[in-house]
Amino acid sequence: MAQREKEDISIYQGETKNFTFNVSGTAGAYASAQSVTLSVKKSIDDSAVLFSETATDSQNGNSWTNGVIVIKITAANSALLVPNCVYDLKVVKSGGEVQVPCFGDILVKQKVFA
């Protein structure tokens, strides 16, 4: 099993943005992945998921066999973000095994208009 890595991310509320996760030391580890999902919660203790984004291999630059995972957070979903949100990245492999190689805090930035 790959080591979990904490990686904080930031996004403007209402922005669409791709996040690239280079999961170190895992080349080939996700070749048999069926799905990759980034799940966001308001806090680490919250049981409800605020939203999820799912990716497929070769979409948006994904290269799971090389340990590269790219997830797009849409503008509609980033508009739902509140301060101190957290995320985790779940990989479901073909045998049903679930791994969480990355997790972290989300810094939500507000757009300032002149």
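Thresholds applied
Residues numbered from 1 in each chain as written. Predicted model: local features only at pLDDT ≥ 70, side-chain atom pairs only at ≥ 80, totals over all residues. Heavy atoms only, no water. Helix = DSSP H or I, 4+ residues; strand = E, 2+ residues; numbered from the N terminus. Contact = heavy atoms within 4.5 Å. Areas by Shrake-Rupley, 256 points an atom, 1.4 Å probe, with all protein chains shown as cover. Buried < 20%, exposed > 50% of the residue type's maximum accessible area, 1.4 Å probe, protein only. Pairing = 2+ DSSP bridges. Phe/Tyr/Trp six-rings, centres within 6.5 Å; stacked < 30°, edge-to-face > 60°. Salt bridge = Lys/Arg side-chain N within 4 Å of Asp/Glu carboxyl O. 1 Å grid on protein atoms, 1.4 Å probe; cavity = no way out; pocket = protein on both sides within 12 Å on 5 of 7 lines; lining within 4 Å. Points joined across faces, edges and corners; volume = space filled by probe spheres on them. Nonpolar A, V, L, I, M, F, W, Y, C, P; charged D, E, K, R; others polar. Core = buried A, V, L, I, M, F, W, Y, C linked by side-chain atoms within 4.5 Å.

Can you help me understand the overall build of the chain in this one?
A count of helices and strands for the chain gives 1 helix and 8 strands. Once local pairs closer than 6 in sequence are excluded, the contacts in the chain between residues at least 24 apart make up 65%. Here the chain displays about 6,100 Å² of accessible surface, and carbon together with sulfur accounts for 50% of that area.

I keep staring at the pairing of strand β5 (residues 51–55) and nothing clicks. Help me out?
Residues in a regular strand project their side chains so that they alternate between the two faces of the sheet. In β5, alternate side chains face the same way, and those of F51, E53 and A55 are buried while those of S52 and T54 on the opposite face are not. The sheet contact formed by strand β4 (residues 33–41) and β5 spans 5 bridges and is antiparallel. Residue T37 lies in a different strand from β5, and its bridge partner there is T54.

What am I meant to see in the packing of aromatic side chains here?
Aromatic rings considered in pairs are described by the distance between their centres and by the relative angle of their planes. For the structure on display, the rule yields 1 aromatic pair. Ring plane angle 40° and centroid distance 5.7 Å describe the contact between F21 and Y87, whose orientation is recorded as tilted. Of this pair, F21 sits in strand β3 (residues 17–22) while Y87 sits in strand β7 (residues 85–93); the two residues are 66 residues apart in sequence, bridging distant segments of the chain. Note on F21: relative accessible area 0%, which makes it buried.

Explanation requested: the pattern of salt bridges in the structure shown.
Note that side chains of opposite charge can pair when their charged atoms are close. Here the structure, examined in full by the defined rule, presents 3 salt bridges. A salt bridge links K6 to D8, with the nearest nitrogen and oxygen atoms 2.6 Å apart. By relative accessible area, K6 is classed as partly exposed at 48%. Across the pair K6 and D105 runs a salt bridge, and its minimum N-O distance is 3.2 Å. Of this pair, K6 sits in strand β1 (residues 5–6) while D105 sits in strand β8 (residues 98–109), and the two are 99 residues apart along the sequence. Each member of the salt-bridge network shares a partner with another, and the members are K6, D8 and D105.

Would you mind going over the layout of surface pockets with me for this structure?
To find leftover empty space, a probe the size of one water molecule is rolled over the atoms. Here the largest pocket defines a volume of roughly 190 Å³. If you go around the largest pocket, you meet 14 residues; those closest to its centre are I44, V86, Y87, D88 and F103. Going through the elements one at a time, β4, β7 and β8 are the ones with two or more residues in the lining of the largest pocket. With 4 residues, β7 is the largest single contributor of residues to the lining of the largest pocket. Per-class residue counts for the lining of the largest pocket are 6 nonpolar, 2 polar and 6 charged.

It is not clear to me how the nonpolar core should be interpreted in this structure. Could you clarify?
The nonpolar side chains of a soluble globular protein tend to be buried, and buried together. Core analysis: the largest hydrophobic core is formed by 23 residues, its most contacted members being F21, I69 and I106. Elements with a contribution of two residues or more to this core: β2 (9–12), β3, β4, β5, β6 (68–73), β7 and β8.

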